[in-house]
Amino acid sequence: MSAQSACLSCVHNADNPNRRPEHWIASDEHWRVAHAFGAAVAGWLVLVPRRHVVTIADLTDEEAAALGTWQVRLSRALHAVTGCAKTYVVQFAERAGFEHVHFHIVPRADGLPEQFQGPRVFALLGKPDQPAVSSAEVTRVSAALHAHLQSPPLHATS
Ligand SMILES: [Zn+2]
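Residues numbered from 1 in each chain as written. Predicted model: local features only at pLDDT ≥ 70, side-chain atom pairs only at ≥ 80, totals over all residues. Heavy atoms only, no water.

Visitor: Help me get a handle on the coordination of the zinc ion, residues and values and all.
Guide: Only Cys-7 (SG), Cys-10 (SG), His-52 (ND1) and His-100 (ND1) from the protein coordinate the zinc ion, and they sit 2.0 to 2.4 Å from it. Taken together, the 4 donor atoms surrounding the zinc ion define angles of 101 to 116° at the centre, an arrangement classified as tetrahedral. We note that the donor set of the zinc ion lies within a single chain, spaced as C-x2-C-x41-H-x47-H. Pair noted here: Cys-10 is in helix H1 (residues 8-13) and His-100 is in the loop between strand E4 (86-90) and strand E5 (103-108), with a separation of 90 residues, a long-range link. The exposure class of His-100 is buried, given its relative accessible area of 0%. (Donors = N, O, S within 2.8 Å, 3.2 Å for Na, K, Ca; no water. Tetrahedral: all angles 85-135°; square planar, octahedral: opposite > 155°, others 65-115°. Helix = DSSP H or I, 4+ residues; strand = E, 2+ residues; numbered from the N terminus. Buried < 20%, exposed > 50% of the residue type's maximum accessible area, 1.4 Å probe, protein only.)

Printed below as a string of structure tokens:
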């Protein structure tokens, strides 16, 4: 089995007419944006390269240039849609089966309890004691983010 066929990110990067909209909220030729699986935070996004890459150092210059723009665009969209106070941007790609580079873009709510702040926010992803947001809510937030990202980009300085 190739690395690509064993990789869930690559599976979701492939064309699939039946895929759920939250698996492909936005994209360009280098990056795809999806809602995270099992998140207890609505709007927890992952930003995934469109090809199989397992270290940041192996991103191309073109992928790198688009990366910064995506991180800021998604952060702005999360502020607009979720009303978050700020966003966290995190990349580990350590879990078995999830070595494909992926940047977590996490809306950090005003008033997030201190026990979940900073790296501890990962207690809100895929943990049985912190139930994931409902699939209806994931679909709703993903659609709102998709719509927001379709509108022409606004520059903070304009
Ligand atoms: Zn992959």
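Visitor: Give a detailed account of the layout of surface pockets, specifying residues and quantitative values.
Guide: Considered as a void within the structure, the largest pocket measures approximately 500 Å³ in volume. When contributions to the lining of the largest pocket are tallied by element, the ones reaching two or more residues are H1, strand E2 (31-35) and strand E3 (45-49). Considering only residue class, the lining of the largest pocket consists of 11 nonpolar, 7 polar and 4 charged. (1 Å grid on protein atoms, 1.4 Å probe; cavity = no way out; pocket = protein on both sides within 12 Å on 5 of 7 lines; lining within 4 Å. Points joined across faces, edges and corners; volume = space filled by probe spheres on them. Nonpolar A, V, L, I, M, F, W, Y, C, P; charged D, E, K, R; others polar.)

Visitor: Could you give an account of the sheet that holds E4, naming the residues involved and the relevant values?
Guide: An order of E1-E2-E3-E5-E4 is seen for the 5 strands of this open sheet, with the pairing classed as antiparallel. Two strands close off the open sheet at either side, each with one partner strand: strand E1 (26-27) and E4. In terms of strand pairing, E4 meets E5 through 5 bridges, oriented antiparallel. Note that in E5 the partner of Tyr-88 across the bridge is Val-106. Of the strands in this sheet, E1, E2, E3, E4 and E5 are in contact with helix H2 (residues 61-82), which crosses E5 at around 25°. (Pairing = 2+ DSSP bridges. Contact = heavy atoms within 4.5 Å. Axes fitted to C-alpha atoms, helices over the stretch in contact; angles between N-to-C directions.)

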